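Commentary on secondary and tertiary structure
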Amino acid sequence: MPHTAIGARALDLLTRDPHKAKLYRYDPYVREALGSLAPMRDPGALHRHTFVVLKPDAVAGRRCELILRTLRSEGWHPAAATTVRFDPLLVRELWRYQFNAASAQRIAVVDPLLSSGRSLLVLLADRKRPEWLPASARLTAAKGSAEPSAARSTDLRTRIGRVNGLFNFMHTADEPADVARELQLFSYQAGWDWCAGPLFGTEVTGAADPWETVTTLLAELEAEIPAHDLDVTAGIGRLARQQGPWGDCARDRAEPAHIDDWLGVLRHAPLPDGSGRWDVLTVLTSWIDCNEAGVLPIIATGTADAWRTERADEATNEVTYA
């Protein structure tokens, strides 16, 4: 008897990675996603759409408008939007197949960072993609690596002023299989109604213009999260004028070599309120090692070229969810 209800070929047109397809057949979120997406009137919508998550660091650094303008200039236009809030479980399940390579330092910092406020989740319609290339795969290629050492001047993350490996401002799904899986994870908070029109071809009475929705939600998030320069030197200077353990760190241990001391304080002391929280997070994200040396993620990021196959041009018309 099989150990999965997902058919052997069900993911053929959603991923070009055989290893990922094998693992995803046993992933409960993928199974639920295939069921959730079954009513799609036009299954090709999953190839024409993707999403971007603008994380709390993008809100604090006031990068959201720049990101959305840059995406629009490259052909990705907002089709719907909502907000989500990361918690430790969502972080680990979203990056279930990559977190094995995360350093202990990164694991310690990512939860207070991503829980610093709501994130903006924007469904994007790709108006410039070639027929053979899914919107998600095109955006993944354009976005560039999360690691500054691998950055290129043309990467979207470089163009929006990425600060370090964790202050990279946005998350996207690698390819259609990941779009489906991650939207399912977000659906436990946001449901599916927010994106039903574009994805399911459902008429939504009185639906707001997507840009109006994005603008309204962004204003709410910026009212909740104070603007910050995300500058490590300035942050240390501000912290040094405060009393308490974070002030002590800033005055006495203001060098990357003391990162373990800062992380020790993080385990026992709350982050400061307001902009002070972002001063501490700026220092931590600037000094940590993000990944375990020599450890590869269970599933690596795919490439756009993987979609250059004789079957790729069938994808927009023959995607099935069963």
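Here, every reference points to the structure presented above.
Keep in mind the model is a prediction, meaning the values are calculated, not measured. (Residues numbered from 1 in each chain as written. Predicted model: local features only at pLDDT ≥ 70, side-chain atom pairs only at ≥ 80, totals over all residues. Heavy atoms only, no water.)

Glycine aside, a negative phi is what most residues show, and trans is what most peptide bonds show. The backbone of F169 shows a phi angle near 75°, a positive value even though the residue is not glycine. Along the chain, F169 falls in the loop between α9 (156–159) and β4 (170–172). With relative accessibility at 0%, the residue F169 sits in the buried group. (Helix = DSSP H or I, 4+ residues; strand = E, 2+ residues; numbered from the N terminus. Buried < 20%, exposed > 50% of the residue type's maximum accessible area, 1.4 Å probe, protein only.)

Let's shift gears to the side chain of H77. Mapped onto the secondary structure, H77 falls in strand β2 (residues 76–84). A distance of 3.5 Å separates a polar atom in the side chain of H77 from a polar atom in the side chain of R127. Once residues within four sequence positions are removed from consideration, H77 is found in contact with R72, L123, L124, A125 and R127. (Polar contact = N/O pair within 3.5 Å; in protein donor to acceptor, adjacent residues only side chain to side chain. Contact = heavy atoms within 4.5 Å.)

This part is about the nonpolar core. Core analysis: the largest hydrophobic core is formed by 96 residues, its most contacted members being L54, F86, F186, W246 and W262. When near neighbours in sequence (up to four residues on either side) are disregarded, W262 contacts L239, W246, C249, A250, R253, V283, L284 and W287. (Core = buried A, V, L, I, M, F, W, Y, C linked by side-chain atoms within 4.5 Å.)

What follows covers the state of the cysteines. Taken as a whole and assessed by the stated rule, the structure comprises zero disulfides. Distance from the sulfur of C64, which forms no disulfide, to the nearest cysteine sulfur (C195) is 19 Å. For C64, a relative accessible area of 0% puts it in the buried group. (Disulfide = S-S within 2.5 Å.)

A separate point is the packing of helix α7 (residues 104–114) against helix α16 (residues 275–287). Running from N to C, α7 and α16 cross one another at 150°; their axes reach a closest spacing of 11 Å. As summarised for this structure, α7 and α16 are arranged roughly antiparallel, according to the angle between their axes. The element α7 and its partner α16 pack so that their crossing is left-handed. Packed against α7, whose contacting residues are V109, P112 and L113, the element α16 presents R277, W278, L281, L284 and T285 at the interface. For the contact of α7 with α16, the residue count by class is six nonpolar, one polar and one charged. (Axes fitted to C-alpha atoms, helices over the stretch in contact; angles between N-to-C directions. Parallel < 35°, antiparallel > 145°, perpendicular 65-115°, else oblique. Left-handed = near helix turned anticlockwise from the far one by under 90°. Nonpolar A, V, L, I, M, F, W, Y, C, P; charged D, E, K, R; others polar.)

Okay, the sheet that holds strand β1 (residues 49–54) next. If you trace the four strands from one edge of the open sheet to the other, you get β2-β3-β1-β4, paired in antiparallel fashion. Every interior strand has two partners, whereas the edge strands, β2 and β4, have only one. Each adjacent strand pair in this sheet contributes to an overall mean axis angle of 25°, direction not counted. Pairing of β1 with strand β3 (residues 119–126), which is carried by six bridges, proceeds in the antiparallel orientation. (Pairing = 2+ DSSP bridges.)

In this section: the pattern of salt bridges. Within the structure shown, the criterion is met by 19 salt bridges. Here D155 and R152 are joined by a salt bridge, their closest N and O atoms 2.7 Å apart. Overall, R152 belongs to the partly exposed group, its relative accessible area being 46%. When the shortest N-O distance is used, the salt bridge between R238 and D279 registers 2.9 Å. With a gap of 41 residues between them, R238 in helix α13 (residues 232–240) and D279 in helix α16 connect regions that are remote in the sequence. Put simply, K20, E175 and D178 are held in one network by salt bridges that share partners. (Salt bridge = Lys/Arg side-chain N within 4 Å of Asp/Glu carboxyl O.)

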